[in-house]
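# Chain and residue survey
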Amino acid sequence: MPERTLVQAVRDALYEEMERDDRVCVLGEDVGLKGGVFKATEGLQQRFGAQRVLDTPLAESSIAAVAQGLALEGFLPVAEMQFADYSYPAFNQIVNEIAKVRYRSNGDFSCPLVIRAPTGGGVRGALYHSQSPEAFYCHVPGLKVVLPSTPADAKGLLKAAIRDPDPVIFLEPKKLYRAERQEVAEGEAAMRPLGSALVVRGGVDVTAVTYGYMRAVTTQAAARLSQDGIEVEIIDLRTLRPWDVEACVRSIEKTGRVAVIYEANRTGGFGAEVAAELAERCFASLDAPVSRIASPDVPAMPFSPSLEHAFMLNPDKVADGLRRVARY
Amino acid sequence: MSIDAEPLTRERVLDAYRTVLRARALDDRRFVLNRAGKLAFIISPRGHEVAQVAAIAALEPGRDRFCLYYRNFAAALACGFTAEELMLSAFARDADPSSGGRQTPGNFGSRRRGIVIGSSAVGPQIPKAAGIGLALKWKGEGALCYVSFGEGATSQGDFHEGLNFAAIHHCPVIFFCENNHWAISVPQRLQVAGPGVAERAAAYGIPGVRVRGDDFFAVHAVVREAARRARAGEGPTLIEAEVLRLQSHSTDDDQRAYRDAAELAAEAARDPIPRMRDALIDRGWLSADDDAGLRDHVNREVERATEAAEMAPDPDPASLGRHVYADA
């Protein structure tokens, strides 16, 4: 199997699905000859032409709206928002239009499409290239939300998202785009189902539920805690809506303790929903309060390295949080 | 010869006139039912009916796509909805073909009729229509997308994004603005800078045409030419039909609170339906007796539609969670 970075895996998924099904098309800002600002669509226009790989005007609402129009006509569009921070001009199209097409037509219409966007920080992207807006989209019935953390998951889940009959928001942690190479399967063997979490590290003392870049941070924190005799079980949700509650419940029934680790600011983050659900479901199994380990409630991640560092969760902060839960 | 190229025969125009009368009679009945507490909310097409039906008569329901807006009650009838179906929608019954009672009446949708399900938001259908137009261009079957909206919607960014995109890609789209000069209580002078909406087309390099919305033949001719251009691959057209809003914005609004009484009286005297009737009488296509006969026929139809819709069952509360996703 070829070794791929996460962004190469995204590109491979697009390539394979476009080869497999000529209804699949890609649109967005700079996705054509340039191949996207992160190279996620590199070479696609050269291979599939300027119609199926369409450079759009710099206008996110119409990117989402045009994708919706294509989907309503039977195409399978994958729209790129250049940064998740810039998906907000398309918010009305995504939330009021795309997410509600099936419901408001009582099942007469559907809108199968994917909106991809790089998400998260830690790359000196500052306030407007670092945001983690997954909670906005996870709040919306009708949408599915995916946030992978490895090249293989990115490829398999993107292929599944493209084949899904409902609209999918596909968030790609840009910090991980080139962080590691991993052997990634090709074709059908690469597929990963939506809605399935993965236990990425076994442990008996505390459960850490996380996703995206925080999986890597939590893994480093868990290695430190292991030296202190605390064994952390890490669950990577991979899909946030629908999310794999049962996988988390099974783990908590074993450990009796859980923290949710997420990169977005704490209040109203998606991890808050995970914490609330697990508190309800696992009350009888819990030996400690369900805990959130998240970023501070400031508007976004600043540019200066000192401020960026102060904002970002790191292995120290996550280890501190997990230790508190383990020793409660 | 396709339908749009056919001449306007007496039979076709009388059919359109019957649709206009049907829209008015149904709307009048809806107001009575609203005041009786039986209908929660309606938006009247009063004053717009002739323009709407003339536009649709120049197109091909069943082949073309229609992105309608909430005042398009007469257009929906012209596209093939029956009186009973629209009454089912007014009563929010289970058998409402647009949404099964989920949306307020005025959000028309029917996949088999090519009527793309709308929402209550103002303007998002405009760039969506550009996307549908792009898909229709790719399919190359000569179909077009008709999208309508009020002049208030032209203030939205989506108006610009939709026209810009459709013009860049020569999408087969007809942008049909029904300018009644009032967006709820805000008059055109506080809504639309410059002389009007049609002039904006020049900025996109497409034709912009202003037409009197009470002139059936003028509206039909303008839309027929826009359709010819669209089907010939010449791109979109922006049409501004000047109409009168002879009712308040909705049943929750009373325009007497913010509009001049003398102006309202003067507009009521310019009701486009008697003008259409007189034009048909002048052509020798209609007699006073014919007119009375048509009105009787339509009134009986409204009677039957109301009875049937009033007796029809409400949606099953257990269906609340259906059609959120494909599998539920």
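Residues numbered from 1 in each chain as written. Chains lettered and ligands numbered in written order. Predicted model: local features only at pLDDT ≥ 70, side-chain atom pairs only at ≥ 80, totals over all residues.

## Details of the overall build of chain B
Test applied: Secondary structure elements follow DSSP: runs of H or I no shorter than four residues count as helices, runs of E no shorter than two count as strands, and numbering proceeds from the N terminus. Atoms counted for the radius of gyration: C-alpha only. Globule rule: 2.2 Å times residue count to the power 0.38. With C-beta atoms placed from the backbone, a residue counts as buried when 20 or more other C-beta atoms lie within 10 Å of its own, as exposed when 12 or fewer do, and as partly exposed for counts between those limits. Residues are treated as contacting if the C-beta atoms built from their backbones sit within 7 Å of each other.
In terms of helices and strands, chain B carries 11 helices and seven strands. Relative to a compact globule of 328 residues, whose C-alpha radius of gyration would be 20 Å, chain B shows 19 Å and is just as compact. With the C-alpha coordinates aligned to their principal axes, the bounding extent of chain B is approximately 55 × 50 × 45 Å. Burial status across chain B gives 54% buried among its 328 residues. Sequence separation of 24 or more characterises 75% of the internal contacts of chain B that already satisfy a separation of 6 or more.

## Remarks on the overall build of chain A
When helices and strands are tallied, chain A shows 12 helices and 14 strands. Projected onto its principal axes, the C-alpha positions of chain A cover 60 × 45 × 40 Å. Across the 328 residues in chain A, those meeting the buried criterion constitute 59%. Put simply, of all contacts in chain A between residues at least 6 apart along the chain, 79% involve residues at least 24 apart.

## Remarks on the sheet that holds strand 6 (residues 144-146) of chain A
Residue and element names in this part refer to chain A. How we decide: A pair of strands is labelled paired if DSSP reports no fewer than 2 bridges between them. To get an axis, a line is fitted to the C-alpha atoms, and for a helix only the part in contact is used. The angle between two axes follows their N-to-C directions and goes from 0 to 180 degrees.
Spatially, the seven strands line up as an open sheet ordered 3-2-4-5-7-6-12, and their pairing is mixed. Each having just a single partner strand, strand 3 (53-55) and strand 12 (239-241) make up the two edges of the open sheet. Between one strand and the next, the sheet's axes are offset by a mean angle of 20 degrees, whatever the strand orientation. Two strands pair when backbone bridges link them, and strand 2 (residues 24-28) and strand 4 (residues 76-80) are joined in this way by five bridges, in the parallel orientation.

## A word on helix 6 (residues 157-168) of chain B
The condition is simple: A helix is expected to reach a length of 1.5 Å times the quantity of its residues less one.
Between the first and last C-alpha of helix 6 of chain B there are 17 Å, a value that for 12 residues agrees with the 16 Å anticipated at 1.5 Å per step. Every buried residue of helix 6 of chain B is accounted for by Asp158(B), Phe159(B), His160(B), Glu161(B), Gly162(B), Leu163(B), Phe165(B), Ala166(B) and Ala167(B). Packed against the buried residues of helix 6 of chain B are helix 3 (60-72) of chain A together with helix 5 (125-139), strand 3 (173-179), helix 7 (201-204) and strand 7 (237-242) of chain B. Two residues or fewer past helix 6 of chain B, His170(B) is found with a positive phi of approximately 50 degrees.

## Focus: the packing of helix 2 (residues 49-57) of chain B against helix 8 (residues 216-231) of chain B
All names here are of chain B. Applicable threshold: Convention used here: angles under 35 degrees read as roughly parallel, angles over 145 as roughly antiparallel, angles from 65 to 115 as roughly perpendicular, and any remaining angle as oblique. Handedness of each helix crossing follows the sense of rotation of the near helix against the far helix: counterclockwise by less than a right angle gives left-handed, clockwise gives right-handed. Side-chain classes follow a simple rule in which Ala, Val, Leu, Ile, Met, Phe, Trp, Tyr, Cys and Pro form the nonpolar group, Asp, Glu, Lys and Arg form the charged group, and the remainder, Gly included, forms the polar group.
The geometry of helix 2 relative to helix 8 is characterised by a closest axis approach of 8 Å and an angle of 40 degrees between their N-to-C directions. One way to sum up the angle between helix 2 and helix 8 is to call them oblique. As helix 2 runs across helix 8, the sense of the crossing is right-handed. Judged by residue contacts, Val50, Ala51, Ala54, Ala55 and Ala57 of helix 2 engage Phe216, Val219, His220 and Val223 from helix 8. Its residues assigned to classes, the contact of helix 2 with helix 8 shows eight nonpolar, one polar and no charged.

## Quick look at the interface of chain B and chain A
At the junction of the two partners, chain B supplies 35 residues and chain A supplies 33 residues. Breaking the side of chain B that touches chain A down by element, the ones donating at least two residues are helix 5 and helix 6 of chain B. Across the side of chain B that touches chain A, the residue classes tally to 17 nonpolar, 12 polar and six charged.

## Examining the sheet that holds strand 10 (residues 206-210) of chain A
All names here are of chain A. Spatially, the five strands line up as an open sheet ordered 9-11-10-13-14, and their pairing is mixed. Where the open sheet ends on each side, the last strands, each with one partner, are strand 9 (198-201) and strand 14 (291-295). Strand-to-strand twist of the sheet, defined as the mean angle between neighbouring strand axes without regard to direction, takes the value 25 degrees. With four bridges joining them, strand 10 and strand 13 (residues 258-265) adopt parallel strand pairing. Opposite Thr207, over in strand 13, you have Val258 as the bridge partner. Of the strands in this sheet, strand 9, strand 10, strand 11 (232-236) and strand 13 are in contact with helix 8 (residues 214-227), which crosses strand 11 at around 170 degrees. Across the sheet, helix 10 (residues 270-282) touches strand 10, strand 13 and strand 14, and the angle it forms with strand 13 is around 160 degrees.

## Comments concerning the pairing of strand 6 (residues 208-212) of chain B
All names here are of chain B. The condition is simple: By convention, orient the strands away from the viewer: a clockwise path from the first strand over the helix to the second makes the crossover right-handed.
Bridge count between strand 6 and strand 7: five bridges; the pairing is parallel. The residue bridging Gly208 from the neighbouring strand is Leu238, located in strand 7. Crossover connection from strand 6 via helix 8 to parallel strand 7: handedness right-handed.

## A short note on unusual backbone geometry
Residues and elements named next belong to chain A. Omega for the peptide link from Arg241 to Pro242 comes to 0 degrees, which places this bond in the cis form. Inspection of the secondary structure assignment puts Pro242 in the loop between strand 12 and helix 9 (245-255). Of note in the backbone geometry, Asp30 takes a positive phi value of approximately 70 degrees without being a glycine. Note on placement: Asp30 falls in the loop between strand 2 and helix 2 (44-52). Since 16 C-beta atoms lie within 10 Å of it, Asp30 is described here as partly exposed. One non-glycine residue with positive phi stands out, namely Asn106, at about 55 degrees. Here Asn106 lies in the loop between helix 5 (101-104) and strand 5 (114-119). Judged by the 22 C-beta atoms lying within 10 Å of it, Asn106 falls in the buried class.

## So, the confidence of the model for chain B
Residues and elements named next belong to chain B. Condition: The predictor's confidence in any single residue is recorded as pLDDT, a number from 0 to 100.
Of the residues in chain B, 98% have a pLDDT of 70 or more, and the chain-wide mean is 96. Overall, residues 1-5 carries pLDDT values under 50, and its contacts beyond four positions in sequence, including any with other chains, amount to eight contacts. Reported confidence for the predicted complex is 0.97 by ipTM and 0.97 by pTM.

## Section: helix 1 (residues 10-35) of chain B
If you check helix 1 of chain B, its first and last C-alpha atoms are 38 Å apart, about what 26 residues at 1.5 Å a residue would give, namely 38 Å. At the C-terminal side of helix 1 of chain B, Gly37(B) shows a positive phi close to 85 degrees.

## Considering the nonpolar core
A general feature of soluble globular proteins is that nonpolar side chains tend to end up buried together. To keep it simple, the criterion reads: The term nonpolar core means buried Ala, Val, Leu, Ile, Met, Phe, Trp, Tyr and Cys residues held together as one set by C-beta atoms within 7 Å.
Judged by nonpolar contacts, the single largest core of 204 residues is most densely connected at Leu322(A), Val173(B), Ile174(B) and Ile239(B). Leu322(A) has contacts with Val206(A), Ala208(A), Ala221(A), Leu225(A), Val232(A) and Ala259(A), leaving out every residue within four places of it along the chain.

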